[in-house]
Amino acid sequence: MIVEMRTGASRQEIDAVVEKAKTLQLGVQMNLGTDKVVVALLGGHTGQLAPDLFAVLPGVERVTRIMKPYKLSSREVKRQDTIVNVGGVEIGGKRIVVMAGPCAVESEKQLMEAARIVKGAGATVLRGGAFKPRTSPFSFQGLEEVGLALLARVRQEFNMPVITEVVDPHEVAVVAKSADILQIGSRNMQNFTLLTSVGKSKWPAVLKRGFSCTITEWLTAADYILNEGNTELVLCERGIRTFEDTTRFSLDIGAIPVLKRASHLPVIVDPSHAAGHHDLVPALAKAAVAAGADGLLIEVHPNPAEALVDGLQSLNPAAFERLMAELRPIAESVGRSI
Ligand code: PEP
Ligand code: MN
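In this numbering scheme, every chain counts its residues from 1 along its sequence in written order. Each chain is given a letter, starting from A, and each ligand a number, starting from 1, according to the order in which they appear as written. The predicted origin of the model limits local features to residues at a pLDDT of at least 70 and limits the giving and counting of side-chain atom pairs to 80 or more, whereas totals for whole chains, interfaces and linings rest on all residues. Side-chain descriptors were evaluated using all non-hydrogen atoms of the structure, hydrogens and water having been removed beforehand.

1. Here we look at the sheet that holds strand β3 (residues 37-42)
Note: two strands are recorded as paired if DSSP finds a minimum of 2 bridges between them. In this text, helices come from DSSP runs of H or I with a minimum length of four residues, and strands from runs of E with a minimum of two, each type numbered from the N-terminal end. Pairing in this open sheet of 4 strands is antiparallel, and the strands run β2-β3-β1-β4 from one edge to the other. Looking along the sheet, the strands with just one partner apiece sit at the ends: β2 (27-32) and β4 (60-64). Taking each pair of neighbouring strands and ignoring which way they run, the sheet shows an average axis angle of 20°. Lines are fitted to the C-alpha atoms to define the axes, a helix being fitted only along its stretch in contact, and any angle between axes, read from their N-to-C directions, falls within 0 to 180 degrees.

2. Points about the coordination of the manganese ion (ligand 2)
Any nitrogen, oxygen or sulfur atom within 2.8 Å of a metal ion counts as a donor, with the limit raised to 3.2 Å for Na, K and Ca, and since water is left out, coordination shells can look unfinished. Looking at the metal site, the manganese ion (ligand 2) is ligated by Cys 103 (SG), His 273 (NE2), Glu 299 (OE) and Asp 310 (OD), spaced 2.0 to 2.3 Å from it. Each donor residue of the manganese ion (ligand 2) belongs to the same chain, and together they define the spacing C-x169-H-x25-E-x10-D. Here the residue Cys 103 occupies a position in the loop between β7 (97-101) and α3 (108-121), and Asp 310 occupies one in the loop between β14 (295-299) and α11 (317-333), the gap between them amounting to 207 residues. The burial state of Cys 103 is the same as that of Asp 310; both residues are buried. Each residue is assigned to one of three classes by its accessible area relative to the maximum for its type, calculated with a 1.4 Å probe on protein chains only: buried under 20%, partly exposed between the two thresholds, exposed over 50%.

3. A look at a nonpolar patch on the surface
The patches reported here contain residues having more than 30% relative accessible area and no salt bridge. Joining distances are 9 Å for like charges and 5 Å for nonpolar side chains (Val, Leu, Ile, Met, Phe, Trp, Tyr). All accessibility values rest on the Shrake-Rupley procedure with a 1.4 Å probe; residue burial counts only the protein chains present in the view. Counted as salt bridges are all cases of a side-chain nitrogen of Lys or Arg within 4 Å of a carboxyl oxygen of Asp or Glu. A cluster of nonpolar residues, Val 28, Met 30 and Leu 32, forms a patch on the protein surface that exposes about 240 Å² of accessible area. By the element assignment, Leu 32 lies in strand β2.

4. As for the site of ligand 1
Any residue with a heavy atom lying within 4 Å of a molecule or strand is counted as near it. The environment of ligand 1 is made up of Arg 127, Lys 132, Glu 165, Gln 183, Gly 185, Ser 186, Arg 187, Lys 208, Arg 238 and His 273. Here Gln 183 contributes a side-chain N or O atom positioned 2.9 Å from an oxygen atom of ligand 1. As used in this structure description, the phrase polar contact means that two N or O atoms lie within 3.5 Å; if the pair is within protein, one of them must be able to donate a hydrogen and the other to accept it, and residues adjacent in sequence are counted only when both atoms belong to side chains. Lys 208 places a polar side-chain atom, nitrogen or oxygen, 2.8 Å from an oxygen atom of ligand 1. Considered on its own, ligand 1 offers 300 Å² of accessible surface; in the complex 95% of this is hidden by protein. Note on residue classes: Ala, Val, Leu, Ile, Met, Phe, Trp, Tyr, Cys and Pro are nonpolar, Asp, Glu, Lys and Arg are charged, and everything else, Gly too, is polar. Among the residues forming the shell around ligand 1, the class breakdown is no nonpolar, 4 polar and 6 charged.

5. Overview of the domain arrangement of the chain
Often, the extent of an interface is quoted as the loss of accessible area on bringing the components together. Domain annotation for the chain reports domain 1 (2-64) and domain 2 (84-333). Throughout, the edges of the domains are those of an automatic or database domain assignment. Placing a centre on the C-alpha atoms of domain 1 and another on those of domain 2 gives a separation of 44 Å.

6. Re the nonpolar core
Counting residues in hydrophobic clusters, the biggest one holds 71 residues, and the most contacted among them are Leu 182, Leu 207, Ile 298 and Phe 320. In terms of residue count, helix α7 (residues 215-226) provides more of this core than any other element does, 7 residues in total. By definition, residues are in contact when any of their heavy atoms lie within 4.5 Å. Excluding its chain neighbours within four sequence positions, the residues that come into contact with Phe 320 are Val 98, Ala 100, Val 118, Ala 121, Ala 123, Ile 298, Val 300 and Leu 315. Among the nonpolar cores identified, the runner-up in size contains 16 residues, and Ala 9, Val 17, Leu 41 and Val 60 belong to it. Put simply, buried Ala, Val, Leu, Ile, Met, Phe, Trp, Tyr and Cys residues joined by side-chain atoms within 4.5 Å make one nonpolar core.

7. Quick notes on the packing of α7 against helix α8 (residues 255-262)
Close contact between α7 and α8 brings their axes to 11 Å; oriented N to C, the two are set at 50°. Judged on the interaxial angle alone, α8 and α7 are oblique. In this structure, α7 meets α8 at a crossing whose hand is right-handed. Along its contact with α7, which presents Ile 215, Trp 218 and Leu 219, the element α8 presents Ala 255, Val 258, Leu 259 and Ala 262. The residue inventory of the contact of α7 with α8, partitioned by class, reads 7 nonpolar, no polar and no charged. Roughly parallel covers angles under 35 degrees, roughly antiparallel covers those over 145, roughly perpendicular covers 65 to 115, and oblique covers all other angles. By definition, any crossing whose near helix is turned counterclockwise from its far helix by less than a right angle is left-handed, and any crossing with a clockwise turn is right-handed.

8. Let's talk about unusual backbone geometry
As a rule of thumb, non-glycine residues mostly have phi less than zero, and peptide bonds are mostly trans rather than cis. Not every positive phi belongs to a glycine, and Glu 144 is a case in point at roughly 50°. You can see Glu 144 is positioned in the loop between β8 (125-127) and α4 (145-158).

9. Digging into the pattern of salt bridges
Oppositely charged side chains may form a pair once their charged atoms are brought near each other. Counted under the stated rule, the structure contains 18 salt bridges. Among the salt bridges present, the one from Arg 116 reaches Glu 113, with a minimum N-O distance of 2.9 Å. Of this pair, Arg 116 and Glu 113 both sit in helix α3, 3 residues apart, roughly one helical turn. Overall, Glu 113 belongs to the partly exposed group, its relative accessible area being 31%. Beyond isolated ion pairs, a larger network of salt bridges with shared partners links Glu 4, Lys 36, Glu 61 and Arg 62.

10. A look at the environment of Pro 317
Secondary-structure assignment places Pro 317 in helix α11. Pro 317 gets classed as partly exposed once you look at its relative accessible area, which sits at 23%. Distance from Pro 317 to Pro 304, taken between C-alpha atoms, is 9.3 Å for residues 13 residues apart in sequence. What Pro 317 contacts, discounting residues up to four positions off in sequence, is Ile 117, His 301 and Pro 302.

This is how it looks when you write it as structure tokens:
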């Protein structure tokens, strides 16, 4: 931790910082500049200390941590890439995993049809929301338990792993019965009770990025799951809120290489919720693969015009098939396959 004193801080103010460091059993290294004093605090447990302990002292301008706040998700803790196995499908290996299906499970017919289409085009995991965390309480909230039962049936029929969202910490076990991998949605990225519950379940999970969260906050949230002993975790970039309003969210392509450097966890991308419009989805999906994503989570509906949720951003069967064909050479060019 680095404590920067204000220009002209008094000897007493500097001494108070040094004294406090000593009472906390920290080593001190002084850097006496011509008009500014910087105090470096050293010691194994500085990462656990609140910077405010020093920021509150008179004469202190700024306190900065050197150690990253996230630990278990960091490459410093684990150098090798994590590979997550979901019903026989590996996420984080050479093969790029495409998870596709409707935003929401609407009916048996719709889900069966969607599974047939996405599996036929080469997707290996079926997506479908049974619990939908909607911005408005008046919007369709999903088929809930009925939706879970449909997912379980279609999973068996098509022999295809399923991803679905869990929103309630008390329902993790119930949702896990119908899902091979749990989805934690953007709005719940910092729902720490839910993260802890998913961690305890040891069930594979995808942690979507909170649309107003930094990468550091995201990895720190991931630590909640890893800290419970659940190492089967995948990160999903899905766009963040910026001043730009021509897309639904701004897809942070830069997050992919940043995460690859900072973390050992697999990274997938959801181009659908970022784009907000089906026309824009293929370009974002291709950019994600080119930038090193380990997988994609794409909304596909047998008939987007009739979708109960997110029809505008859902690919129709022909568009999804075309996208899969276009992704193959891009994957190969970065040493991957689809
Ligand atoms: C979803 O994938 O169904 C979803 C609701 O996405 P997000 O949590 O990223 O908004
Ligand atoms: Mn959706």
